[in-house]
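Chain residues, written in single-letter form:
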Amino acid sequence: GNSVTQMEGPVTLSEEAFLTINCTYTATGYPSLFWYVQYPGEGLQLLLKATKADDKGSNKGFEATYRKETTSFHLEKGSVQVSDSAVYFCALTGRGSTLGRLYFGRGTQLTVWP
Amino acid sequence: DAGVIQSPRHEVTEMGQEVTLRCKPISGHDYLFWYRQTMMRGLELLIYFNNNVPIDDSGMPEDRFSAKMPNASFSTLKIQPSEPRDSAVYFCASSRQENEKLFFGSGTQLSVL
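Residues numbered from 1 in each chain as written. Chains lettered and ligands numbered in written order. Predicted model: local features only at pLDDT ≥ 70, side-chain atom pairs only at ≥ 80, totals over all residues. Heavy atoms only, no water.

1. Regarding the state of the cysteines
Put simply, the rule is: By disulfide we mean two sulfur atoms from cysteines, separated by a distance within 2.5 Å. In DSSP terms, a helix is any run of H or I states spanning at least four residues, a strand is any run of E spanning at least two, and both are numbered starting from the N terminus. Categorising residues by exposure relies on relative accessible area from a 1.4 Å probe, with only protein chains included: less than 20% of the type maximum marks a residue as buried, more than 50% marks it as exposed, and the intermediate range marks it as partly exposed.
If you walk through the whole model with that rule in mind, you get 2 disulfides over all chains. With its sulfur 1.9 Å from that of its partner, Cys 23 of chain A forms a disulfide with Cys 90 of chain A. Across the disulfide from Cys 23 of chain A to Cys 90 of chain A, rotation about the S-S bond amounts to roughly -70 degrees, and the bridge is consequently left-handed. You can see Cys 23 of chain A sitting in strand E4 (residues 23-26) and its partner Cys 90 of chain A sitting in strand E10 (residues 86-93), a full 67 residues away along the chain. Like Cys 90 of chain A, Cys 23 of chain A is buried. Paired by a disulfide, Cys 23 of chain B and Cys 92 of chain B hold their sulfur atoms 1.9 Å apart. Classification of the bridge connecting Cys 23 of chain B and Cys 92 of chain B rests on its S-S torsion, roughly -65 degrees, and on that basis the disulfide is left-handed.

Here you go:
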């Protein structure tokens, strides 16, 4: 079946620190992979995505590379800001599944201090 | 575009009462999803619709939960009777058929006392 495992939080960093949030997945076939972000009091928003192996998704300084060999999609940012404080969700949608039928990880809370 | 609109934003009710959550998807989106978010279980898909037809309701916890989509611009999630363990944030999301990106509403924070 399809599932996503991401590192448990909370993650607390100082401003300008390097961020990595690990995500690994299990899926049949070749899924599309996503990172969603949830700011306090809001719904989830798509941060970035990758649809095939070796693709790199990027947005707002965040990056993640689709690694088929390690079934991973780790989220990275070189220099975090206070405004990046949020909950980050790794997700996948499997081939053959209805578009939008997302399987989410448990989420990782990130807090960035000035 | 106004995005996915959910109401109410907050709902506080007593155990045993009926609760109705509402969602207006983005115009032109063929898929609508109801998710529940709790600390214990994270994000769970409850049910989703394609062109107003329920496709998969295997995530609906029990018969107390029901969802309808009478037309392309409106959906409801009903809990009757409500229980304290139903307390959670309920999200509605929609997507276009040809696009995998999900657009989420701001959620309804439900508290059942």
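2. Focus on the side chain of Gln 6 of chain A
All names here are of chain A. Cut-off, in case you're wondering: Think of a polar contact as two N or O atoms within 3.5 Å of one another; within protein, one of them needs to be a possible hydrogen donor and the other a possible acceptor, and neighboring residues in sequence only count if both atoms come from side chains. Any two residues whose heavy atoms approach within 4.5 Å are treated as being in contact.
One can find Gln 6 in strand E1 (residues 3-6). A relative accessible area of 9% places Gln 6 in the buried class. A distance of 2.8 Å separates a polar atom in the side chain of Gln 6 from the backbone oxygen of Tyr 88. Only 3.0 Å separates the side chain of Gln 6 from the backbone nitrogen of Cys 90, close enough to count as a polar contact. If we skip the residues at most four places from it in the chain, Gln 6 touches Ile 21, Asn 22, Cys 23, Trp 35, Tyr 88, Phe 89, Cys 90, Gly 105, Arg 106, Gly 107 and Thr 108.

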